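Observations on the three-dimensional arrangement
Take a look at the letters that make up each chain.
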Amino acid sequence: MRPKILLIYTGGTIGMIKDPETGALRSFDFSKLLYHIPELKHLDCHIETTSFDSPIDSSDMDLKHWRVLGDMINSSYDDYHGFVVLHGSDTMSHTGSALSFMFENLTKPIILTGSQLPIGDLRTDAKENLITSIQLAAEWENDAPIIKEVCVYFEYQLYRANRTAKMNAEHFEAFSSPNYPPLAVSGVHLNIDKQLLWKGGLDDHAFAKANPQLTSFSKMIYRPEMDSRVVVLKLFPGITEAVVRAICSIEDLQGIVLETYGSGNAPTISWFIETLREALLKGIKVVNVTQCRGGAVDMGKYETSVHLKKIGMVSGNDITTEAALAKMMYLLCYMPSTGDFKKYFETSLRGEISV
Ligand code: ASP
């Protein structure tokens, strides 16, 4: 059996070539992919391509683009064995995180990839990223795809998408996954660590069970809604009461991802705690994530986080800011009741948080 893979081009550097006359970068015609990468013919799978009507730089990604991308995958879900999404690297971790929540009980891989140099550049990293992503999406065992989750593939490593962050704007190794090891490493062989792959979880099923409109939790469920009434508030020494109050009083705000210091620490000054307490009392969800790229929030470890625990803040543990935002946007639309937010946020729904 030759797996069928759908390649979706959303935009970004990977799909560009240098115009030989002007030297400027322009999007290339994706239907001519085989012409630019003839190596693809040798892969043991059948590849079809599609593209956003107007490919975008990933800095322009927003919820309506996530929806278009999600709909593209959902509407062709039964026709392909795997999906490879070509995406600009700048917001790839955000889109990967969002897709991981939008698609519950995935039975197939969705692999996002991109590149630091355009596909037409002599020194491009695009070819390896693209070819290996397709190969990984086509990995097959016991009549089923091996990978059943949303991943990012970049520079010889396959990561769980909702564990990644873009770390470098210069190196080919642009991403890292500080709190979860790579799912696969590409060397002479493609080494997939099957132990680390997402196998769905009881938590996932518990969420489905608690959601009355769901009857089956072994089938893939597509939940495309995301609530954008959220904000990231990053602490810094010298942050003023006026700034924190202004953010907490944004009209109709539903959630704050609070980026704290170290293991979840924040100023102890009374105006700060009071403002957050008032926000929580208004029903705004506040999640504590750390500004550190690696490690986790541990509220109560230091005196400077005891107060956050006391006022009922949600612990983001070792989740990335990217995944915290996507999870918040998702839960605000789909959690069974508003009182369940803390419980579901602190639970691993797609392997995005260690429990
Ligand atoms: N600015 C580009 C984007 O994110 C960079 C890239 O493609 O990697 O779309």
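The model shown is predicted, which means the values in this text are computed figures rather than measured ones.

The rules we used
- Residues numbered from 1 in each chain as written.
- Predicted model: local features only at pLDDT ≥ 70, side-chain atom pairs only at ≥ 80, totals over all residues.
- Heavy atoms only, no water.
- Helix = DSSP H or I, 4+ residues; strand = E, 2+ residues; numbered from the N terminus.
- Buried < 20%, exposed > 50% of the residue type's maximum accessible area, 1.4 Å probe, protein only.
- Contact = heavy atoms within 4.5 Å.
- Near = heavy atom within 4 Å.
- Polar contact = N/O pair within 3.5 Å; in protein donor to acceptor, adjacent residues only side chain to side chain.
- Areas by Shrake-Rupley, 256 points an atom, 1.4 Å probe, with all protein chains shown as cover.
- Nonpolar A, V, L, I, M, F, W, Y, C, P; charged D, E, K, R; others polar.
- Expected span 1.5 Å × (residues − 1).
- Arc of directions from axis to C-beta.
- Core = buried A, V, L, I, M, F, W, Y, C linked by side-chain atoms within 4.5 Å.
- Salt bridge = Lys/Arg side-chain N within 4 Å of Asp/Glu carboxyl O.

**Some details on the side chain of Gln 157**
Among the secondary structure elements, Gln 157 is positioned in strand S11 (residues 157-160). By relative accessible area, which is 18% here, Gln 157 ends up buried. Contacts of Gln 157, omitting those with residues within four sequence positions, involve Val 152, Glu 173, Pro 182, Ala 184 and Val 185.

**Considering the site of the ligand**
Gly 12, Thr 13, Asp 57, Ser 58, Gly 88, Ser 89, Asp 90 and Ser 115 make up every residue found near the ligand. In this structure, an oxygen atom belonging to the ligand sits 2.7 Å away from a main-chain N or O atom of Thr 13. Take Asp 57: an N or O atom from its side chain is 2.9 Å from a nitrogen atom of the ligand. Within the complex, the protein chains bury 88% of what would otherwise be the 260 Å² of accessible surface of the ligand. Considered class by class, the residues forming the shell around the ligand number no nonpolar, 6 polar and 2 charged.

**Section: helix H2 (residues 63-75)**
For H2, which comprises 13 residues, the first-to-last C-alpha distance of 18 Å matches the rise-based estimate of 18 Å (1.5 Å per residue) to within 8%. Here H2 has its buried residues at His 65, Trp 66, Leu 69, Gly 70, Met 72 and Ile 73. Projected down its long axis, H2 shows its buried positions confined to an angular sector of 155°, all on one face. Residues of H2 that are exposed and angled more than 90 degrees away from the buried face: Lys 64 and Ser 75.

**Description of unusual backbone geometry**
Of note, the phi angle at Asn 105 is positive, near 55°, even though the residue is not glycine. Looking at the secondary structure, you find Asn 105 in the loop between strand S6 (103-104) and strand S7 (110-113). Residue Asn 105 is classed as buried on the basis of its relative accessible area, which comes to 11%. The backbone of Asp 252 shows a phi angle near 70°, a positive value even though the residue is not glycine. Tracing the backbone through its elements, the reader meets Asp 252 in the loop between helix H6 (241-248) and strand S18 (255-260).

**As for the nonpolar core**
One finds Ile 73, Phe 103, Ile 110 and Phe 345 to be the most contacted residues of the largest nonpolar core, which totals 54 residues. In terms of residues, this core owes the most to one element, helix H9 (residues 321-334), which gives 10 residues. Once you skip the residues sitting within four places of it in the chain, Phe 345 turns out to touch Val 287, Val 314, Ser 315, Gly 316, Ile 319, Ala 324, Lys 327, Met 328, Leu 331 and Ile 353. Formed by 34 residues, the second largest nonpolar core is a distinct cluster that contains Ile 14, Leu 40, Ala 138 and Tyr 180.

**Some points on helix H8 (residues 303-310)**
All of the buried residues in H8 are Ser 305, His 307 and Leu 308. What you see down the axis of H8 is that its buried residues fit within an arc of 145°, all on one side. Turned more than 90 degrees away from the buried face of H8, the exposed residues are Glu 303, Lys 309 and Lys 310. Buried residues along H8 sit against S18, helix H7 (270-281) and strand S19 (285-290).

**What about the pattern of salt bridges?**
Throughout the structure, instances matching the rule amount to 21 salt bridges. One salt bridge connects Glu 274 with Arg 277, and the closest N-O pair in it is separated by 3.2 Å. Placement of the pair is Glu 274 and Arg 277 together in helix H7, with a separation of 3 residues, close to one helical turn. In this structure, Arg 293 engages Glu 322 in a salt bridge whose closest nitrogen and oxygen atoms are separated by 3.3 Å. A residue pair is termed long-range when its members are at least 10 positions apart, and Arg 293 in the loop between S19 and H8 and Glu 322 in helix H9 qualify at 29 residues.

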